[in-house]
Amino acid sequence: MSDTSKALANGNIIRMEGIRKVYDTGKIQVEALRGIDLEVDTGEFVAVIGPSGSGKSTLMNLIGCLDTPTDGHYELSGQSVAKMKKDELATVRNRRVGFVFQNFNLLPQISSFENVEMPLLFGGVSRRKRHQRVEELMERVGLGDRMDHKPTELSGGQMQRVAVARALAMDPDIVLADEPTGNLDSSSGGDIMELFAELWEQGRTMVVITHDAALARRANRQVEIHDGLITTDTRS
Amino acid sequence: MIHPGSFVKQLVRDLRAQKLRTFLTTLGIVWGTVAVSLLLSFGQAFHTQMIKNIAGLGNAIVIAWPSVTSLPFEGLSKGRRIRLREDDIELVRKRATSLEAISSEYTDTLQLKHGKRTMAVDVSGVSPIFGEMRNMIPVMGGRFLNPLDEAKQRRVAFLGDELAETLFGSSDPVGQTFRLHGSPFTVVGVLKPKEQDSSYSSRDKDKLIIPGSTFRALTGEKYINLFIFTAQDVQRTEEVTDEVLAIIAGKYRFDPTDREALMIWDTTEMFQFMDAFMMAFKMFLGIVGSLTLVVGGIGVSNIMSVVVEERTPEVGVKMALGAKPRGILGQFLMETLIFTAVGGFIGLLITAGICALFPSLGLEEYVGIPTVDVQVAALTASLLGLIGLVAGFFPARAAANLDPVVAMKMT
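Anyway, here's the lowdown on the structure attached to this text.

### A word on the overall build of chain A
Move 1: Summing up its helical and strand segments, chain A has eight helices and 10 strands in all.
Move 2: Across the 236 residues that make up chain A, the buried fraction comes to 48%.
Move 3: A separation threshold of at least 6 residues defines the contact pool for chain A, and within that pool the share at least 24 residues apart is 71%.

### So, the overall build of chain B
Move 1: A count of helices and strands for chain B gives 14 helices and nine strands.
Move 2: Of all 411 residues assigned to chain B, the portion counted as buried reaches 39%.
Move 3: Intrachain contacts of chain B at a sequence separation of at least 6 include 81% that bridge at least 24 residues.

### Re the pairing of strand 9 (residues 221-226) of chain A
Residue and element names in this part refer to chain A.
Move 1: Note: strand 3 (residues 45-49) against strand 9, four bridges, orientation parallel. Each residue of the ladder has a partner; that of V46, found in strand 9, is R221.
Move 2: Here six bridges tie strand 9 to strand 10 (residues 229-235), and the two strands are oriented antiparallel to one another. The residue bridging H226 from the neighbouring strand is L229, located in strand 10.

### Comments concerning the environment of A:V100
Move 1: Looking at the secondary structure, you find A:V100 in strand 6 (residues 97-100).
Move 2: For A:V100, the residues in contact, after removing those within four places along its chain, are A:A163, A:V164, A:A167, A:V175, A:A177 and A:P180.

### Examining the interface of chain B and chain A
Move 1: Between chain B and chain A, the residue contacts involve 19 residues of the former and 22 residues of the latter.
Move 2: Counting residues per element, the ones that place at least two in the side of chain B that touches chain A are helix 1 (4-17), helix 10 (312-320), helix 11 (325-357) and helix 14 (404-409) of chain B.
Move 3: The greatest single-element share of the side of chain B that touches chain A, amounting to five residues, is contributed by helix 10 of chain B.
Move 4: Broken down by class, the residue content of the side of chain B that touches chain A amounts to 10 nonpolar, four polar and five charged.

### Observations concerning the sheet that holds strand 10 of chain A
Residues and elements named next belong to chain A.
Move 1: Spatial strand order, 6-7-8-3-9-10: six strands in an open sheet with mixed pairing. In the strand order of this sheet, the two ends are held by strand 6 and strand 10, each with one partner. Averaged over neighbouring strand pairs, the angle between their axes works out to 15° when direction is ignored.

### Some points on the sheet that holds strand 1 (residues 12-24) of chain A
Residue and element names in this part refer to chain A.
Move 1: Spatial ordering of the open sheet is given by 2-1-4-5, a layout of four strands whose pairing is antiparallel. This sheet does not close on itself; its edge strands, each paired only once, are strand 2 (29-41) and strand 5 (79-80).
Move 2: Two strands pair when backbone bridges link them, and strand 1 and strand 2 are joined in this way by 10 bridges, in the antiparallel orientation. In the sheet register, V22 faces strand 2, and the bridge partner there is E31.

### Brief notes about the packing of helix 4 (residues 112-122) of chain A against helix 6 (residues 156-168) of chain A
All names here are of chain A.
Move 1: Put simply, helix 4 and helix 6 touch, their axes get as near as 7 Å, and they point 25° apart. By the angle between their axes, helix 4 is roughly parallel relative to helix 6. The handedness of the crossing between helix 4 and helix 6 comes out as right-handed. Taken together, the residues of helix 6 that come into contact with helix 4 (itself represented by S112, N115, V116, M118 and P119) are V162, A165 and R166.
Move 2: Classifying every residue of the contact of helix 4 with helix 6 gives five nonpolar, two polar and one charged.

About the cut-offs
Residues numbered from 1 in each chain as written. Chains lettered and ligands numbered in written order. Predicted model: local features only at pLDDT ≥ 70, side-chain atom pairs only at ≥ 80, totals over all residues. Helix = DSSP H or I, 4+ residues; strand = E, 2+ residues; numbered from the N terminus. Buried ≥ 20, exposed ≤ 12 C-beta atoms within 10 Å, placed from the backbone. Contact = placed C-beta atoms within 7 Å. Pairing = 2+ DSSP bridges. Nonpolar A, V, L, I, M, F, W, Y, C, P; charged D, E, K, R; others polar. Axes fitted to C-alpha atoms, helices over the stretch in contact; angles between N-to-C directions. Parallel < 35°, antiparallel > 145°, perpendicular 65-115°, else oblique. Left-handed = near helix turned anticlockwise from the far one by under 90°.

In structure tokens:
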């Protein structure tokens, strides 16, 4: 765990108050989020569920600092990010957040090693440390023997494991996943779920958007969104 | 920030994926570079050659011919003949303050005898400084006239290269003798062939030059035909000319503004005109070449726009992983610059090749020898750099301004 997350242990890692997001398409305005209040503690495993178009992905983009809210207050690891500039947001994404996407979003032309190495490059990590870190992560997701393979030479499950390794590269405070099992068969999906459960047990904060009831059950907290608002929030 | 190795890999990959477009675009840059550098090289060579040709006449000299007054002055009527002697030249040499050098020139056509051959040649009697002023450089093994020749009225001669050829063929003329106006003369030097595109009497290669003192003794001539002089500072040639005019006019009592009493040909004006003309000419060539290069730049800008479009999802992913907009901008800009640099390098090589082959065409006398010198290369390179930056900037900025959320979905 990084120093920040240790310092914040038992504190809120995500604190959102009155978050609104309006998409202005010119002719019409679409209010995707209509006032979200959400607090996530360090070490929680949150599943965000809800029908398509409910605002789940918008929420995920805001949590991951890929986008900024129209209104409201958002603190990530004690840092207010709502009004940050593009370069600052890039740094936050690089250091605090690890993304796992439904369609993996690996770059197809470079090896899985180079894919995992990318966040370390953007973070300015030295070559020696990069290599050490990538090897360690590839071993951890069980692909130590696939480092030179390009994503196209891997199965869907393997690709998603490379993506998880990449998400962990900079040792982020939070792992953010958007339908991580959505494009996988049930067996590969199960592997990813196991991996997520492991990460959580090791004390990492996880926020997962999913339709997958099995994955949602693994989480200790389920947040349901409807029409841009949180309707239920249950801890198991 | 960007991994150099993966960066080169990325570039090669992009270019390979777009072989035809890459080829055509590089061709645009290569062509533009060839156009710019070739035009600049030829412009430069042409300029150098023009200067060389003019310099055949002399180093920024002013030529003055005493003639006939055209204005009445201090009660004297117009139409008086002004005739100058050697002591007038001495007077000017002593009085004119910013004068660098001055030499009188006596001319006549005299009979020359060598062996069985008899011919009429144009002979000039001059001061030893004349050789330097008129860029008369002797071929190795000979010399121009010297002050002792002048002081002792030696019967020595300096020959134009064609005259020497006519008289002595392939044998070395230096040390050989001939008779001029009935007196024996010894050859001390032969003119090293030079380009000369203008003259005020016959061309130097046909001339026979002897000391002024010898000329006077040989022919009994008292009056000079003309004199030439130079200013210490070329920029002040006009002032010096006015000063010389004032000195002569004062002594011979004619109006110093009388343009005919002492006719003047200031060859430095020709240099100044040539400089201005060549500057305009080179600018014209440069602009034509640059425009061609700009067209090439537009091609590069186009291909980079396509590359950015194709790599939009990748840019989105990189941004999600923490790549800064600045880094993305730098990456595409760098790619464009490498693109232009490679095209430019090939272009310069082609130009250098053309320049290397050019002398075999034998057009040197007219257009000189074009070379890709440092100036041409530097100018072309900076132009290429500028065009690369501009061509790359807009696509690169478009990439840097992408919204990562939208970009990632563009698969």
